Amino acid sequence: MGKYIINGDKRLTGEVSIFGAKNAVLPILAATVIGNNQSTIYNTPNLRDVEIMKKILISVGCIVEKIDNIMYVDSRPLNSFIIPDDLVREMRSSIILMGAMLSRCKEVLISYPGGCEIGPRPIDLHLKALKDLGTEIEESHGFLHCKTDGLKGCDIQLDYPSVGATENTILAAVFAEGTTIIRNAAREPEIVELQNYLNKCGARVSGAGTSIIKIEGVEKFNDVKHTVISDRIEAGTFMVASAITGGEVVIKNIETDHLQAITAKLRESGSLIYNDSSSIKIVGPRKVNSIEMIQTLPYPGFPTDMQAQMMALLSIANGTSIISETVFENRFKHAEELTRMGANIKIIGRVAVIKGVKELTGAKVKSKDLRGGASLVLAGLAAKGSTEVDNIHHIERGYEDFDLKLKELGADIKKVD
Ligand code: UD1
């Protein structure tokens, strides 16, 4: 399983460069099946989730090669519409293949993704949009069998700006007959990125980044080369690493514009932040200020994927802070583990009340999901004594070389199997 052992209370300093975004590359890799074409994707991070997507692409017949951070996908030999059950179980976001496979094969068989560590995560919005576009969906024995005689563009109103449902709908609509409009679409930078990739292939998608997206159906795709944007959540996590250790870290190779919500809250907590368009310097405070309220929201609100890391920071603040998690139902599992390290956190439904303590102390803790796991590492960096973070396979789903990058900044962290 693997664990990190961290000897904390060390100030981080230096420079760190951010890798490509997990949540951007996954929908792009799903999209590679659509075009009967060849895609070369640069700046692909080396992550477990990317490996799983690679295995799925190979299982449906694509030729996939990965050399360092370049992924090459040839979807011309694709010969199956069945997505292997065991791989869907390993990565819930494989459901974005539904839209892409329907565009390519007019049919897809995929197992129903179960709940996960951060709540039940239903897919009703995905299914409704695909039905609106003309898909018949049979659900039986835990499988979804989706079929269409030909998708037809239409107006789709999402009840909630779900990232995955927006992506699935775009992927299903690119070859549909006529025009599709998605209203109340998610506005995350990763959606803009998917639009950019698809348009390079020859799709006609516009409006990504706003809540109304228009997709005019086309008939074929070209070969394409694309470079993935950097990971705003990896960047945000290193920003908190600097803040929580009173450090001075420069974070490079980022789009600072995508980090505004995180930057604003870190400033409120006392960090000094200097930036240009592609790098940020963050100087952590001597004493962290509490924050009256952080509410997680769809982009451009504060990202739920940074909630756990901020909780670690606020656990050593000067006063009481409140976090309201509005995006996911059950995303506070890290609170109990932070409490083992001396944090004072009360959870009431979707609200966490964090009463800052003078210091955290090292303890044996377990990572239960990706971002929650990262928050325990951050807490360990600031804590007095030694922290063991177990189950780090969750963390490795989303952070490439996390321990090595932290070590470069002066952390005393080692990975043991
Ligand atoms: C994506 C990100 C994830 C991030 C999340 C929110 C990827 C691979 N993952 O996940 O890291 O935390 O966006 O920014 O990009 N919902 C429904 N019905 C649906 C779909 C969603 O009720 O059909 C609900 C979910 O249960 C959740 C909320 O909508 O409460 C947001 O989910 P969504 O935006 O879809 O997140 P994901 O795409 O799963």
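Remember, predicted model here, so these are calculated numbers, not experimental data.

Caption draft 1: Geometry of the site of the ligand. The environment of the ligand is formed by 17 residues, the closest being Asp 124, Leu 125, Ser 162, Asp 305 and Val 327. Within the side chain of Asn 23, an N or O atom sits 3.0 Å from an oxygen atom of the ligand. Backbone polar atom of Val 163 to an oxygen atom of the ligand: 2.8 Å apart, as the coordinates give it. Contact with the protein chains hides 84% of the accessible area of the ligand, taken as 740 Å² for the molecule alone.

Caption draft 2: Broad picture of the pattern of salt bridges. Evaluated as defined, the whole model comprises 21 salt bridges. For Glu 248, the salt bridge goes to Arg 11, with nearest N and O atoms at 3.8 Å. Taken together, the positions of Glu 248 in strand 14 (residues 248–252) and Arg 11 in the loop between strand 1 (3–7) and strand 2 (13–17) put the pair 237 residues apart, joining distant regions of the chain. Judged by relative accessible area, Arg 11 falls into the partly exposed class, the value being 47%. Three or more residues are tied together by salt bridges with common partners; here these are Asp 9, Glu 359 and Lys 384.

Caption draft 3: Structural context of the domain arrangement of the protein. Domain boundaries assigned for the protein yield domain 1 (3–18 + 230–416) and domain 2 (22–227). Each of domain 1 and domain 2 has a C-alpha centre, and these two points are 31 Å apart. The interface is formed by 25 residues belonging to domain 1 together with 19 residues belonging to domain 2. Between domain 1 and domain 2 lies a buried interface of about 1,900 Å² when both sides are counted; carbon and sulfur atoms form 48% of it. Area buried by domain 1 at its contact with domain 2 is led by Tyr 299, Arg 397 and Glu 400, which between them contribute 32% of it. Where domain 1 packs against domain 2, one counts 2 salt bridges. We note a salt bridge from Arg 397 to Asp 49, for which the minimum N-O separation is 3.1 Å. On inspection of domain 1 and its partner domain 2, the count reaches 6 residue pairs in polar contact (both at pLDDT 80 or more). Every element with two or more residues in the side of domain 1 that touches domain 2 is listed here: helix 12 (370–382) and helix 13 (393–396). Per-element tally for the side of domain 1 that touches domain 2: the top contributor is helix 13, with 3 residues.

What counts and what doesn't
- Residues numbered from 1 in each chain as written.
- Predicted model: local features only at pLDDT ≥ 70, side-chain atom pairs only at ≥ 80, totals over all residues.
- Heavy atoms only, no water.
- Near = heavy atom within 4 Å.
- Polar contact = N/O pair within 3.5 Å; in protein donor to acceptor, adjacent residues only side chain to side chain.
- Areas by Shrake-Rupley, 256 points an atom, 1.4 Å probe, with all protein chains shown as cover.
- Salt bridge = Lys/Arg side-chain N within 4 Å of Asp/Glu carboxyl O.
- Helix = DSSP H or I, 4+ residues; strand = E, 2+ residues; numbered from the N terminus.
- Buried < 20%, exposed > 50% of the residue type's maximum accessible area, 1.4 Å probe, protein only.
- Domains from an automatic or database assignment.
- Contact = heavy atoms within 4.5 Å.
- Buried area = accessible area lost by both parts, 1.4 Å probe.

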